[in-house]
Amino acid sequence: MKLLIANRGEIAVRIIRACREMDLGTVAVYSEVDRLAPHVLMADEAYPIGGAVASESYLNMERLLAVAVASGARLVHPGYGFLAENAEFAERVQAAGLDWVGPPPRAIRVMGSKTESRKLVHEAGVAVVPGMTEPLASLAELEAFVDQHGLPVLLKAVAGGGGKGMRAVTAKGQLASALERARSEGQAYFGDDRVYVERLVERPRHIEVQVVADRFGHAVHLGERECSIQRRHQKVVEECPSPVVDEALRRRLGEAALIIIRAADYYSVGTVEFLLDPHGRFHFLEMNTRLQVEHPVTEQVYGVDLVGEQIRIALGQALTLRQEDLSPRGHAIECRVYAEDPLRGFAPSPGTITLLRRPGGPGVRVDSGVMLGSVVPLEYDPLLAKLVVWAPDRAAAVNRLRRALQEYVVGGIATTLSLFRALVEMDAFRQGAFHTGFLDELLASRQLEELHSEQDPEAEEAAVIAAACLATLGAQSLPRDPFAHGRSSGWWQEGTRMQHGRFPR
Amino acid sequence: MKWVVRGSRGNHEVEVERAAEGFEVVVDGKRQVVDLIRLDGSMASLRFPSNGRSFQVSFQRGGGRRWRLVVGDRDFDLEVLTPVEAIAAAEGVRGRGPSVVEAPIPGKVVAVKVAPGDEVEAGQAVVVLEAMKMENELAAEQAGRVARVNVEPGATVETGAVLVELE
């Protein structure tokens, strides 16, 4: 039996691993820039599906379905992003006689619409964040909402997710341009320019509950994940369990999540997101009808293979997990390693990975979609890898994370690793005292370099000295600079050659 | 040679002379001897023989006088200027002439929000550039009148491409 993975990067690799452990064959697909990507090299079979632009490849339903049928795959796993929450694709997979590794299309449709899901949850008796239940018709309507409920507000694309198509507005003058950007991003990434507005809950924590349900009405929750370390609404660090959720609150959150998925006739794995305010009250935020990027922290703490469970449910098997057996053990933390430069406003940093050393040792897991020599393309989400650590308690997990970050080296492109290195030294992070605005506020008030300099003044002094020595060497050896490298280095050329499919010298 | 190294916490005056082994450096008046051993094109080992301290340094030349260094596991973005350049920079003298809006990253132009002849204010968004699934608004650094627009929506641009020229 074979499973086709309609995705790329680290999640495609993760799914291949689950399939291997279940003795399922794997079929990878790839765009023209991903010919030598790890997921392609790793899968049993791999087929080209089109151009680099996602709409020509990873979003190309026709092509994906044709490959699925021609390869003889029985299941299609969408991963996250791309077509993972596209009800039409799920329907077409099923219409082609294949098993969709995900929830029923109608549940995707209802829970994928932020406005409809809010209605459903409200009617099921779970609290939602105050806001409109219909998309905005006009700027005037938005202004009226702001007049009534005040600022700040959050604009969200109806079909959005992952921080895309989302804009916080703190001043009335920004409403028009924020609406325009949210609409444009919604159209570009989700094919839907409808936007709605809700009141921004101030200083909340983002707490989400992992659920697993089979087709026979049996459902369990696997506790919560804490995802409050975010940059512009994009999660960058996640942990399980949350440092502020006790057993009683965990039970209440879990019960609320199960009420919601029953109301939606949901099966497969899924995540119900809540905002937890400083007074311990929680409001439904949205539901993600797919496997989440941050699923590994739950896997580490609950000892469950979520991708394996998801595939077994898709094959029509009954869930064997029982709620009374599920309790958190230890603590896990995940850092999302993005190809972004935290020293330059998190600008995307595409390019070739010329140096790669991954951490190892006890309690360290790296889910990665790149390897040495990989060319990080511009066309896709910049997530390179996820560093996940587990330890018996949170303090030990933070220390283990710091150790793993010291070992992790990525050269040739900038990554968010340097952000995490500063973060693990901060008291607020070590004590677990943060909210969803914590990182944005920190970065607005301080440059990351300043944090590095303060936390490690010896390293700063060494950097100043090294830079001056290097500049001296460079100046003295002009006109030919022996230290000039980058584009002209052998590594870069090899990367280019590999990209063109020829064997490097 | 004399340098002014600009970091996030201010300037450092550094004098560097090559010594028999390594370098003799004076940082903000403090003299010490260091050894810089190059490991490969982008890695070096920096050692302080006086107290045995040793750092692994990975380095990359950025645009202009910028150097990007990772010391141990800490990232630094430093500008290494000659004393004359440092004075010029402090006085705000720019050798670039009329100001331009450049692409800071490779990407696709989603929207151009100005046309030749438009007056723009400092900080006003002039181009929306999409890269890695995010739309980034690029703003004019200073006020001026748009002299030329070099791109159209849909165009793919490389780092440093001049998108809009102001006068």
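Please read all numbers here as calculations on a predicted model, not as lab measurements. (Residues numbered from 1 in each chain as written. Chains lettered and ligands numbered in written order. Predicted model: local features only at pLDDT ≥ 70, side-chain atom pairs only at ≥ 80, totals over all residues. Heavy atoms only, no water.)

1. Describing the domain arrangement of chain B
Here chain B is partitioned into domain 1 (2-81) and domain 2 (96-166). For domain 1 of chain B and domain 2 of chain B, the distance between their C-alpha centroids amounts to 35 Å. (Domains from an automatic or database assignment.)

2. Section: the packing of helix α3 (residues 61-71) of chain A against helix α4 (residues 87-95) of chain A
Residues and elements named next belong to chain A. Put simply, α3 and α4 touch, their axes get as near as 11 Å, and they point 30 degrees apart. In terms of orientation, α3 lies roughly parallel with respect to α4. As for the relative orientation of α3 and α4, their crossing is right-handed in sense. Every residue of α4 that contacts α3 at Met 61, Glu 62, Leu 64 and Leu 65 is listed here: Glu 88, Phe 89, Arg 92 and Val 93. Classifying every residue of the contact of α3 with α4 gives five nonpolar, no polar and three charged. (Axes fitted to C-alpha atoms, helices over the stretch in contact; angles between N-to-C directions. Helix = DSSP H or I, 4+ residues; strand = E, 2+ residues; numbered from the N terminus. Parallel < 35°, antiparallel > 145°, perpendicular 65-115°, else oblique. Left-handed = near helix turned anticlockwise from the far one by under 90°. Contact = heavy atoms within 4.5 Å. Nonpolar A, V, L, I, M, F, W, Y, C, P; charged D, E, K, R; others polar.)

3. What about the environment of Val5(B)?
Relative to the helices and strands, Val5(B) is located in strand β1 (residues 2-7). Once the C-alpha coordinates of Val5(B) and Ser45(B) are considered, the two residues, 40 residues apart in sequence, prove to be 20 Å apart. The residues touching Val5(B), leaving out its near neighbours within four places in the chain, are Val464(A), Ala468(A), Gly10(B), Asn11(B), His12(B), Val14(B), Leu78(B), Glu79(B) and Val80(B).

4. Some points on the interface of chain A and chain B
Between chain A and chain B, the residue contacts involve 63 residues of the former and 53 residues of the latter. Carbon and sulfur atoms supply 63% of the area that chain A and chain B bury against each other, a total of about 5400 Å² over both sides. Counting the contacts that link chain A with chain B gives 10 salt bridges. Viewed at the interface, chain B and chain A are joined by 13 residue pairs in polar contact (both at pLDDT 80 or more). (Buried area = accessible area lost by both parts, 1.4 Å probe. Salt bridge = Lys/Arg side-chain N within 4 Å of Asp/Glu carboxyl O. Polar contact = N/O pair within 3.5 Å; in protein donor to acceptor, adjacent residues only side chain to side chain.)

5. Comments concerning the packing of aromatic side chains
Residue and element names in this part refer to chain A. Tallied over the entire structure, the rule returns nine aromatic pairs over all chains. A ring pair is formed by Phe 82 and Tyr 380, whose centres lie 6.2 Å apart and whose planes are at 75 degrees; its orientation type is edge-to-face. Residue Phe 82 is found in the loop between β4 (75-77) and α4, and its partner Tyr 380 is found in the loop between β20 (375-376) and β21 (383-391); the two are separated by 298 residues along the sequence. Tyr 380 gets classed as buried once you look at its relative accessible area, which sits at 2%. When the centroid spacing of 6.0 Å and the interplanar angle of 20 degrees are considered together, the rings of Phe 429 and Phe 434 count as stacked. (Phe/Tyr/Trp six-rings, centres within 6.5 Å; stacked < 30°, edge-to-face > 60°. Buried < 20%, exposed > 50% of the residue type's maximum accessible area, 1.4 Å probe, protein only.)

6. A short note on empty space enclosed by the protein
All names here are of chain A. A complete count under the given rule lists two cavities of 30 Å³ or more for this structure. In this structure, the second largest cavity occupies an estimated 40 Å³ of space. Lining the second largest cavity are Ile 353, Leu 356, Arg 358, Ser 368, Val 370, Leu 384, Ala 385, Tyr 408 and Val 410. A class-by-class count of the residues in the lining of the second largest cavity yields seven nonpolar, one polar and one charged. (1 Å grid on protein atoms, 1.4 Å probe; cavity = no way out; pocket = protein on both sides within 12 Å on 5 of 7 lines; lining within 4 Å. Points joined across faces, edges and corners; volume = space filled by probe spheres on them.)

7. Things to note about α3(A)
All names here are of chain A. Within α3, burial applies to Met 61, Leu 64, Leu 65, Val 67, Ala 68 and Ser 71. Looking down the long axis of α3, one finds its buried residues gathered within 160 degrees of arc, a one-sided arrangement. Turned more than 90 degrees away from the buried face of α3, the exposed residues are Glu 62, Val 69 and Ala 70. On its buried face, α3 is in contact with β1 (2-5), β2 (25-31), β3 (45-50), β4 and α4. Positive phi shows up at Gly 72, right after α3, with a value of about 80 degrees. (Arc of directions from axis to C-beta.)

8. Brief notes about helix α9 (residues 247-263) of chain A
Helix length check: α9(A) (17 residues) gives 24 Å between terminal C-alpha atoms against 24 Å at 1.5 Å per residue, within 8%. Downstream of α9(A) by a residue or two, Asp265(A) has a phi angle that is positive, lying close to 50 degrees. (Expected span 1.5 Å × (residues − 1).)

9. Description of the packing of helix α1 (residues 9-21) of chain A against helix α11 (residues 306-314) of chain A
Residue and element names in this part refer to chain A. The contact between α1 and α11 brings their axes to 9 Å, and the two run at 65 degrees. By the angle between their axes, α1 is roughly perpendicular relative to α11. Where α1 crosses over α11, the two elements pack in a sense that is right-handed. Each of Arg 14, Ile 15, Ala 18 and Cys 19 in α1 lies in contact with α11, whose residues at this interface are Leu 306, Val 307, Gly 308 and Ile 311. In terms of residue class, the contact of α1 with α11 is made up of six nonpolar, one polar and one charged.

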